[in-house]
Amino acid sequence: MEHDRNKTRLLELQRAAGTGNDRCADCGEPDPVWASYKLGIFVCLYCSGIHRNLPGVTRVKSLRLDFWENDLIEFMKSHGNLRAKAKYEAKVPPYYYIPHSNDCLVLREQWIRAKYEREEFVAARVCQDPCTAGSREGFLWKLGPGRRQFHKRHFLLSAREGVMKYYEKESRGPKAVISVQSLNAMFQEVKTGHAHGLQITYNTDGQTRNLFVYHESGKEIVDWFNAIRAARYHYLRTAFPNVPEHELIPRITRNFVKEGYMEKTGPKHKEAFKERWFSLDSQERNLMYFKDPLDEFARGQIFIGRRDEGYEVRPGFPMGVRVKKRKPVITLVTPGREFVFICDNDKKQKEWIDALDGIISQC
Ligand code: ZN
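Residues numbered from 1 in each chain as written. Predicted model: local features only at pLDDT ≥ 70, side-chain atom pairs only at ≥ 80, totals over all residues. Heavy atoms only, no water.

Student: What should I look at first to understand empty space enclosed by the protein in this one?
Tutor: Think of a ball as big as a water molecule: rolled over the atoms, this probe shows where empty space is left. A complete count under the given rule lists one cavity of 30 Å³ or more for this structure. When its volume is computed, the largest cavity comes out at roughly 60 Å³. The wall of the largest cavity is formed by K142, L143, G144, P145, R147, R209, N210, L211, F212, L294 and E296. At the level of secondary structure, the elements contributing two or more residues to the lining of the largest cavity comprise β4 (135-143) and β10 (207-214). Counting residues per element, the lining of the largest cavity draws most heavily on β10, which supplies four residues. Tallied by class, the residues present in the lining of the largest cavity amount to five nonpolar, two polar and four charged. (1 Å grid on protein atoms, 1.4 Å probe; cavity = no way out; pocket = protein on both sides within 12 Å on 5 of 7 lines; lining within 4 Å. Points joined across faces, edges and corners; volume = space filled by probe spheres on them. Helix = DSSP H or I, 4+ residues; strand = E, 2+ residues; numbered from the N terminus. Nonpolar A, V, L, I, M, F, W, Y, C, P; charged D, E, K, R; others polar.)

Now the structure itself:
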């Protein structure tokens, strides 16, 4: 009886207005069904799994399946997600990446550890300025040009100089000097085959170059990611002093809006279809294609302009083109050329059309 009554009280508390308890305290996922009874927060199933690995700072129970004593319910009542946020997220720097429910495990785990285990953002901490936070030096494993092996390379990031460099041998000069102006970073667990895999991109001679790196330590790679973000924030804040914060933050780093394999033919639409890996960057309005997903440079890139400039995407072949392929097709119309892509299935065709159309429709 008491068990049922307490369960009802807990579920009411999860939905109570003004508590923030109706969304996971760590990733924002709606309707969290677990709670940390040490921190007094409501969390989703996925984040509860991360909390379970930190028994020194947090302990979780299921709202529905576990027994909740009266005093624990009172504790949850006097705490809750909004109060925890005010304490543990008091000083999250503007450049720090706050993960969502669709982000990879290493980002979510390090966010939770940074908040509750290391208490990096409590009010007593001094918040590092972006220029200091955007300076970092150390080793990362970098994928070699043959795409087979990762090599240990020394990396140096300087927000003050606005560059990131890496060295093959420290006695020699840098192998690459990368301007923070075009620098981007995103986690790529599947593509790199590494849970801490990070894709770094930058522009060199009008082309996008990819670097793939990882670090054995989840904390190190997420710290690198946020250091890159701090350097980017420092650059953007300096270069665009009048742009409001909410427009600047999404430009710090970005993920590709869509990636995956499609088959592509040549400009005459009669050439053999070849499988290519496509990456769509909405900020640069750039559709790149690669022979291998881990190639350093794209085979080609297609600028995606606006509808009123003559860009269009639609299912099916262009007029007059016939190919004996019983697979879903996409035609991408640009002022200079019509591109034909073949997708594996209807779902992928729809996803690509939606992603491309999203960019064509955006001004
Ligand atoms: Zn969560």
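From this point on, the discussion continues.
Student: Just checking my understanding: could you explain the nonpolar core for this structure?
Tutor: The tendency in soluble globular proteins is for nonpolar side chains to be buried side by side. Judged by nonpolar contacts, the single largest core of 33 residues is most densely connected at F155, L157, M164, L183, F187, L198 and I200. Listing elements by their share of this core, those giving two or more residues are α5 (105-117), β5 (150-158), β6 (163-167), β7 (176-179), β8 (184-187), β9 (198-204), β10 and α8 (218-239). Ranked by residues supplied to this core, first place goes to α8 with seven residues. Taken domain by domain, this core gets at least three of its residues from each of domain 1 (2-117) and domain 2 (130-251). In this structure F155 touches R136, E137, G138, L140, K142, M164, K165, Y166, L211, V213 and W224, once residues within four positions along its chain are discounted. In terms of nonpolar packing, the next biggest core, distinct from the first, is built from 20 residues, Y289, A355, L356 and I359 among them. (Core = buried A, V, L, I, M, F, W, Y, C linked by side-chain atoms within 4.5 Å. Buried < 20%, exposed > 50% of the residue type's maximum accessible area, 1.4 Å probe, protein only. Domains from an automatic or database assignment. Contact = heavy atoms within 4.5 Å.)

Student: Whenever I open this one, the coordination of the zinc ion confuses me. Can you help?
Tutor: Octahedral six-donor coordination of a metal ideally yields angles of 90 or 180 degrees, compared with 109.5 degrees for tetrahedral four-donor coordination. Protein-derived ligands of the zinc ion are C24 (SG), C27 (SG), C44 (SG) and C47 (SG), with the metal-ligand distances lying across 2.3 Å. For the zinc ion, the four donor atoms in the first shell make angles of 105 to 114 degrees at the metal, so the coordination geometry reads as tetrahedral. Donor residues for the zinc ion, ordered by position in the chain, follow C-x2-C-x16-C-x2-C. You can see C24 sitting in the loop between α1 (2-15) and β1 (34-36) and its partner C44 sitting in the loop between β2 (41-43) and α2 (45-52), a full 20 residues away along the chain. Summarising the burial analysis for this pair, C24 and C44 share the class buried. (Donors = N, O, S within 2.8 Å, 3.2 Å for Na, K, Ca; no water. Tetrahedral: all angles 85-135°; square planar, octahedral: opposite > 155°, others 65-115°.)

Student: What exactly am I supposed to notice about helix α3 (residues 70-78) here?
Tutor: What sets the pattern is the α-helix's 3.6 residues per turn: residues three or four places apart point alike. Inspection of α3 places L72, I73 and M76 among the buried residues, and these make up the whole buried set. The arc that holds the buried residues of α3, viewed along the axis, is 100 degrees, so those residues lie on one side. If you follow the buried residues of α3, they end up packed against α1, β1, β2 and β3 (60-62). Of the residues flanking the end of α3, it is G80, one or two places downstream, whose phi is positive at about 95 degrees. (Arc of directions from axis to C-beta.)

Student: Hey, could you run me through the pattern of salt bridges in this one?
Tutor: Side-chain pairing between opposite charges can occur once the charged atoms of the two side chains come close. Counted by the stated rule, this structure contains 25 salt bridges. Across the pair R254 and D281 runs a salt bridge, and its minimum N-O distance is 2.8 Å. Within this pair, whereas R254 is found in the loop between α9 (245-248) and β11 (258-264), its partner D281 is found in strand β12 (residues 274-281), the two being separated by 27 residues in sequence. Each member of the pair, R254 together with D281, is buried. Connected through salt bridges with shared partners, the residues D26, K85, E89 and K115 form a single ionic network. (Salt bridge = Lys/Arg side-chain N within 4 Å of Asp/Glu carboxyl O.)

Student: Would you explain the side chain of Q110 in this entry?
Tutor: Relative to the helices and strands, Q110 is located in helix α5. By relative accessible area, Q110 is classed as buried at 6%. A polar atom in the side chain of Q110 sits 3.3 Å from the side chain of R118. Among all residues touching Q110, those that are not within four sequence positions of it are Y96, R118, G218, K219 and V222. (Polar contact = N/O pair within 3.5 Å; in protein donor to acceptor, adjacent residues only side chain to side chain.)

Student: Explain the packing of aromatic side chains to me, please; I cannot follow it from the model alone.
Tutor: Pairs of aromatic rings are described using the distance from one ring centre to the other and the angle between the two planes. Evaluation of the coordinates by the stated rule reveals 18 aromatic pairs. For the ring pair Y97 and F225, a centre distance of 5.7 Å and an interplane angle of 70 degrees mean the geometry is edge-to-face. Placement of the pair is Y97 in the loop between α4 (81-88) and α5 and F225 in helix α8, with a sequence separation of 128 residues. The residues Y97 and F225 share a single accessibility class, namely buried. Measuring from centroid to centroid gives 5.0 Å for F278 and F341, while their planes differ by 65 degrees, and the two rings are edge-to-face. Of the two residues, F278 is situated in strand β12 and F341 in strand β17 (residues 338-342); the sequence distance between them amounts to 63 residues. Both residues of the pair, F278 and F341, belong to the buried class. Of note, K61 hangs over the ring of Y37, and the distance from its end group to the ring centre comes to 5.5 Å. (Phe/Tyr/Trp six-rings, centres within 6.5 Å; stacked < 30°, edge-to-face > 60°. Lys NZ or Arg CZ within 6 Å of the ring centre and 35° of its normal.)

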